[in-house]
Amino acid sequence: RAQIPLCSKMSELMNVVKATRTMSYEDLAQELGITVPALRGLLSETLKRTDLIERFRKENRGWVRYKGSEETDFQALQIASGQEDTLRKRFEETILAQNYTIQEKFYQTSPDFIIKKNGEKIAVEIKAKADAATLEKALGQLAYAKATFSPNELWLVIPINPSEDWLKILSANKIRTFQLS
């Protein structure tokens, strides 16, 4: 398959199918908030970029199955980790150029950074993906950072904008999102 990265909707599709292992077109379209015809197009494009899912018919209905293994899941995790490291470096360069100071950097615990500017302490979490599972994890990590470090602000840095629903959730939790790729 071509080594073209998945767009955010394709990643969301992959995560849903991976979690359920098998899903009907109707249920998957509903979960993604799109129509079945739009799902067919999305599946066609996704299948050009990955072989971890397959389409099949059962009782005259379209279905999707996840074909990946724990090994492919581990490889994807390694790729995401490398992407997160790249984002961390870019973020660090960006904030230093804007006269923020890095109070602390964390590698094995949350948050990724505690930064300061004008006396304001900010806890920052960086994620390489913006799918529901990753955003849910980030929400928990930033809640931990808030309770542990008492920052004035919480920031989430991601490579793409999350869905409108997630923007509302993050905003309700007073988490500012920044897109950095």
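Scroll up to find the structure this text is about.
Participant: Could you clarify how one ought to interpret unusual backbone geometry in this entry?
Facilitator: For residues other than glycine, phi is negative in most cases, and the peptide bonds are mostly trans. Unusually for a residue other than glycine, Asn118 sits at a positive phi of about 55°. By the element assignment, Asn118 lies in the loop between β5 (113-117) and β6 (120-126).

Participant: Can you walk me through the sheet that holds strand β1 (residues 22-24) in this structure?
Facilitator: Sheet strands associate in pairs through backbone hydrogen bonding, adopting either a parallel or an antiparallel arrangement. If you walk across this open sheet you meet the 3 strands as β1-β3-β2, and the pairing is antiparallel. Edge positions in the sheet fall to β1 and β2 (53-58), since each of these pairs with one other strand and no more. Across the sheet, the mean angle separating the axes of adjacent strands is 30° when strand polarity is ignored. Here helix α3 (residues 36-47) sits on the sheet in contact with β2 and β3 (61-66), set at roughly 135° to β2.

Participant: Would you mind going over the packing of helix α2 (residues 25-32) against α3 with me for this structure?
Facilitator: Angle between the axes and distance between the axes: these two values describe a pair of packed helices. The geometry of α2 relative to α3 is characterised by a closest axis approach of 9 Å and an angle of 95° between their N-to-C directions. With respect to α3, the axis of α2 lies roughly perpendicular. Each of Tyr25, Glu26, Leu28, Ala29 and Leu32 in α2 lies in contact with α3, whose residues at this interface are Val36, Leu39, Arg40, Leu42 and Leu43. By residue class, the composition of the contact of α2 with α3 is 8 nonpolar, no polar and 2 charged.

Participant: Teacher, can you tell me more about the sheet that holds strand β7 (residues 153-158) here?
Facilitator: One open sheet holds the 5 strands; their spatial order is β4-β5-β6-β7-β8, and the pairing between them is mixed. A single partner strand is all that each edge strand has here, and the edge strands are β4 (101-105) and β8 (175-179). Mean inter-strand twist for the sheet, computed between neighbouring axes without regard to direction, equals 30°. Taken together, the 5 bridges between β7 and β8 define a ladder with parallel strand orientation. Bridging across to β8, Trp155 finds its partner in Arg176.

So, how was this worked out
Residues numbered from 1 in each chain as written. Predicted model: local features only at pLDDT ≥ 70, side-chain atom pairs only at ≥ 80, totals over all residues. Heavy atoms only, no water. Helix = DSSP H or I, 4+ residues; strand = E, 2+ residues; numbered from the N terminus. Pairing = 2+ DSSP bridges. Axes fitted to C-alpha atoms, helices over the stretch in contact; angles between N-to-C directions. Contact = heavy atoms within 4.5 Å. Parallel < 35°, antiparallel > 145°, perpendicular 65-115°, else oblique. Nonpolar A, V, L, I, M, F, W, Y, C, P; charged D, E, K, R; others polar.

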